[in-house]
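# Structural description and commentary
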Protein chains: 2
Amino acid sequence: MIQAEPRMPTAEGVRAAAAAVAAILPPTPLLPVEIGGVQAWVKAEVLQPIGAFKIRGAWWRLVSLSAEERAAGVVAVSSGNHAQGVAWAAKRLGVRAAIVMPHDAPAVKLANTRALGAEVVLYQRPQEDRDAVAAKLIAERGGTLVHAFGDPWVIEGQGSAAIEMAAQLGRAPSRIIACCGGGGLAAGLALGAPESAIYPVEPVGWDMVGRSLAAGEIVPAGADAPKTICDALQPLATKPINLAVLNGRSEPGVAVTDAEVRAAQRFAFAHLRLVVEPGGAAALAAALAGKVPVDEGTVIMLTGGNADPAAYGATIAGSD
Amino acid sequence: MIQAEPRMPTAEGVRAAAAAVAAILPPTPLLPVEIGGVQAWVKAEVLQPIGAFKIRGAWWRLVSLSAEERAAGVVAVSSGNHAQGVAWAAKRLGVRAAIVMPHDAPAVKLANTRALGAEVVLYQRPQEDRDAVAAKLIAERGGTLVHAFGDPWVIEGQGSAAIEMAAQLGRAPSRIIACCGGGGLAAGLALGAPESAIYPVEPVGWDMVGRSLAAGEIVPAGADAPKTICDALQPLATKPINLAVLNGRSEPGVAVTDAEVRAAQRFAFAHLRLVVEPGGAAALAAALAGKVPVDEGTVIMLTGGNADPAAYGATIAGSD
């Protein structure tokens, strides 16, 4: 990203974002779930209109643009769910949107983004730097960058889920377990739920936020990072803005395997009747695998449900 | 059924049932859905704790039992979802429950019913009459029959969904489209939503409620009724109590094919991120196939999500 970070996200900003989100989107259900004999909670963000929590940050970023900025349009980088969030918000507000997406993004996410009226610009993952592709686009056309996680409004918008769940629960959650790509959601939750322990969950080998938290500095994913079915959770590195918020506020990062993620998808199918994509099931996977402690005040984020039909069908049928 | 019908269900009973249900179960979400360019609504009953609306009628029937009746236990007949509803309510209230279920009920429904602590008594479908099996059990052991649809409390309990959706919508629905097995849900909705048009949807060849409404008398399913993937929607005949309520209040019945039901399951997966079993998708199938008109006041019931994993996986992957 070539722009300087304009400001840090704040708890006050999260509360403002929650009000803006509540004005246009009903709260997603907080549903009971039994894990190891304990009744905890899942926040069903898969029931958002775009099937993912990313609509929160995208909406807060776009409604916060000035009239001049709206006229110039937006450019976003995304593996698919942020893309749909930005496209949804842009359509509502009549803003032109171009989204930089990886060539290997799930077909369903590409199709949904285009169906919402956004222009999709593909890049090669992992060879090309998606931020550089976006920067070039902005240099050519103008417009505001809406980064998927390294943006104060986007972080505040994602944090609105924390305000919602506390109201639904009637108290601050003891713990919030959330999938983690670049750390936008985790940072927003940390600001929005100051009394709750925050557990970011990443795919094994793509746990750069956890490693960055441990090192106290940004550690990018290695060139040898393994394949993961969590297509939504593999940015190359977190950003200073995310690390700054999470440092000292986040529990140590947790990493989950593809097998644990598939088991969580099957659990959500059988016990919650919710469709959850691999990345969206990472937090539940960590809870089911006993990698994060669960009590009756724990909220597990089910963040996205835009699953590839063939892969999902195979996972549910138990044939992969 | 050898017992006489004890009374007719009433609109007042539906309102009382809605209060009893609201005391123990949060409202299921009413979610927007776009069908043919029109924004209508789905009532997501798959998000009930047992994954189906049947928890409503079972709860209202069991909390309405006297202390003496509770002590004697209950006997239910069910293809699977009513079974789980009765088992769930019985467990909560400390009532002994025996459930008569078909030998070919989906394994997931048999397992869930047993997991809730109920005794499962299998019968051979279609050779044996499940009502006769239940009557024999009651003659031997005592207890109250909790019929899946031919019971005034069960009908009133199912109707509580109508009270909920009107409150969520802020007005009476124009139309309610609901799957139909024996007609318990349709009858409850007819009483609970007196201003709304009620459309019962049945599987092709198992549309005995539609045929009974047309004939003005009970028409049982023929011995030559075809196979259907809607395991929850194939009782052999409706009951006088259901027909009495629906006569003159229901729109003509609609029948859907297996292919239309599978298309609806895939639509719910891709656009709503909800797992819906075949029978639970029948109403959506009718709407998507254009067999029932849809406007912005239409509510489509998504009634059950206890799907067999192998069959569901194949449907979603598009391989059946």
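Residues numbered from 1 in each chain as written. Chains lettered and ligands numbered in written order. Predicted model: local features only at pLDDT ≥ 70, side-chain atom pairs only at ≥ 80, totals over all residues. Heavy atoms only, no water.

## Considerations on the pairing of strand E1 (residues 30-35) of chain B
Residues and elements named next belong to chain B. The criterion, for reference: Strands were regarded as paired on the criterion that DSSP finds at least two bridges between them. Helical segments are the DSSP runs of H or I of at least four residues, strand segments are the runs of E of at least two, and each set is numbered from the N terminus.
In this sheet, strand E2 (residues 38-44) lies alongside E1 in antiparallel orientation, the contact comprising six bridges. For Ile-35, the partnering residue across the bridge sits in E2 and is Val-38. The antiparallel pairing of E1 with E2 creates a hairpin that spans two residues between the two strands, and Gly-36 there sits at a positive phi of about 60°.

## Section: the environment of Pro-278 of chain B
Looking at the element boundaries, Pro-278 of chain B is found in the loop between helix H11 (258-272) and helix H12 (282-288). Sequence separation between Pro-278 of chain B and Arg-70 of chain B is 208 residues; the distance between their C-alpha atoms is 33 Å.

## Quick notes on the interface of chain B and chain A
Worth spelling out the cut-off: Here, two residues are considered to be in contact whenever any of their heavy atoms come within 4.5 Å of each other. What counts as buried area is the accessible surface, traced by a 1.4 Å probe, that two parts surrender upon association, with contributions from both included. What makes a salt bridge here is a side-chain nitrogen of Lys or Arg within 4 Å of a carboxyl oxygen of Asp or Glu, nothing more.
Facing 25 residues of chain B, the contacting portion of chain A comprises 25 residues. With both chains or domains summed, chain B and chain A bury close to 1,700 Å², and 67% of this area falls on carbon and sulfur atoms. The largest contributions to the chain B side of the interface with chain A come from Leu-47, Phe-269 and Arg-273 of chain B, which together make up 40% of the buried area. Our count for the contact surface shared by chain B and chain A stands at zero salt bridges.

## Quick word on the packing of aromatic side chains
The description of an aromatic ring pair uses the distance of the two centres, along with the angle that the planes make with each other. Residues and elements named next belong to chain A. Which entries qualify depends on this criterion: Only rings of Phe, Tyr and Trp enter the pairing, Trp through its six-membered ring, and a pair is recorded when the two centres are within 6.5 Å. The plane angle decides the type: under 30 degrees is stacked, over 60 is edge-to-face, the rest tilted. Each residue is placed in one exposure class: buried if its accessible area under a 1.4 Å probe, protein chains only, is under 20% of its type's maximum, exposed if it is over 50%, and partly exposed if it falls in between. In our convention, an over-ring charge means Lys NZ or Arg CZ found within 6 Å of a ring centre and within 35 degrees of that ring's normal.
In total, this model carries four aromatic pairs over all chains according to the counting rule given. Taking 5.8 Å as the distance between ring centres and 65° as the angle between the ring planes, the aromatic pair formed by Trp-59 and Trp-88 counts as edge-to-face. Within this pair, whereas Trp-59 is found in helix H2 (residues 54-63), its partner Trp-88 is found in helix H4 (residues 81-93), the two being separated by 29 residues in sequence. Residue classification places Trp-88 among the buried positions, given a relative accessible area of 9%. Across from the ring centre of Trp-153, 3.7 Å away, lies the NZ or CZ of Arg-61, which sits over that ring.

## Side note on the relation of the copies chain B and chain A
For clarity, the threshold we go by: A least-squares fit on C-alpha atoms brings the copies together, and the residues used are those whose pLDDT is at least 70 in both copies.
Once chain B has been moved 0.0 Å along the axis and rotated by 180°, it coincides with chain A to within an RMSD of 0.0 Å. In short, the pair behaves as if placed about a two-fold rotation axis. No C-alpha of chain B lies nearer the rotation axis than that of Gly-313 of chain B, which sits 1.9 Å from it. Comparing contact sets, 100% of the residues at the interface of chain B also lie at the interface in chain A, consistent with an isologous, same-surface contact.

## Examining the side chain of Lys-54 of chain B
All names here are of chain B. Applicable threshold: Only four residue types enter the tally: Lys and Arg on the positive side, Asp and Glu on the negative side; His and the chain ends are excluded.
Along the polypeptide, Lys-54 turns up in helix H2 (residues 54-63). For the buried Lys-54, no salt bridge exists, and the shortest N-O distance to an oppositely charged side chain is 9.8 Å, to Glu-277. If near-sequence neighbours (up to four positions away) are discounted, Lys-54 is found in contact with Asn-81, His-82, Gly-85, Ala-148 and Gln-158.

## With respect to the pattern of salt bridges
Considering all chains together, one arrives at 28 salt bridges over all chains under this definition. In this structure, the salt-bridge partner of Arg-56 of chain A is Glu-45 of chain A, at a minimum N-O distance of 2.7 Å. Here Arg-56 of chain A is found in helix H2, whereas its partner Glu-45 of chain A is found in the loop between strand E2 (38-44) and H2, with eleven residues between them in sequence. Judged by its relative accessible area of 0%, Arg-56 of chain A is buried. When its relative accessible area of 0% is taken as the criterion, Glu-45 of chain A is described as buried. Across the pair Glu-156 of chain B and Arg-7 of chain B runs a salt bridge, and its minimum N-O distance is 2.8 Å. Taken together, the residues span a long stretch of sequence, with Glu-156 of chain B in helix H7 (residues 152-169) and Arg-7 of chain B in the segment before helix H1 (11-22) at a distance of 149 residues. Judged by relative accessible area, which is 1%, Glu-156 of chain B ranks as buried. Arg-7 of chain B sits in the partly exposed class, given a relative accessible area of 28%.

## Observations concerning the sheet that holds strand E5 (residues 119-123) of chain A
Strand pairing within a sheet occurs via backbone hydrogen bonds; the two strands may be parallel or antiparallel. All names here are of chain A. The cut-off we apply is this: Whenever a helix is involved, its axis is fitted only over the stretch in contact; in every case the axis is a line through C-alpha atoms, and angles between N-to-C directions fall within 0 to 180 degrees.
Read from one edge of the open sheet, four strands run E5-E4-E3-E6, paired in parallel fashion. Looking along the sheet, the strands with just one partner apiece sit at the ends: E5 and strand E6 (144-146). This sheet shows a mean twist of 25° between the axes of neighbouring strands, independent of strand direction. Two strands pair when backbone bridges link them, and strand E4 (residues 97-102) and E5 are joined in this way by five bridges, in the parallel orientation. When the bridges of E5 are listed, Ala-98 appears paired with Glu-119. Contacts between H4 and the sheet are confined to strand E3 (74-77), E4 and E6, with E4 contributing the most and set at about 170° to the helix.

## Thoughts on helix H6 (residues 130-141) of chain B
Residue and element names in this part refer to chain B. Applied cut-off: The span you would expect from a helix comes to 1.5 Å times its residue count less one. Polar contact criterion, stated in full: a pair of N or O atoms within 3.5 Å, where within protein one must be able to donate a hydrogen and the other to accept it, and residues adjacent in sequence count only if both atoms are side-chain atoms.
The end-to-end C-alpha separation of H6 is 17 Å, in line with the 16 Å expected for twelve residues at 1.5 Å each. All of the buried residues in H6 are Arg-130, Asp-131, Val-133, Ala-134, Ala-135, Leu-137 and Ile-138. For H6, the elements touching its buried residues are strand E3 (74-77), strand E4 (97-102), strand E5 (119-123) and strand E6 (144-146). For H6, the N-terminal capping position is held by Asp-129, with its side-chain oxygen 2.9 Å away from the main-chain nitrogen of Asp-131. In the segment just after H6, Gly-142 is the residue with positive phi, at about 80°.

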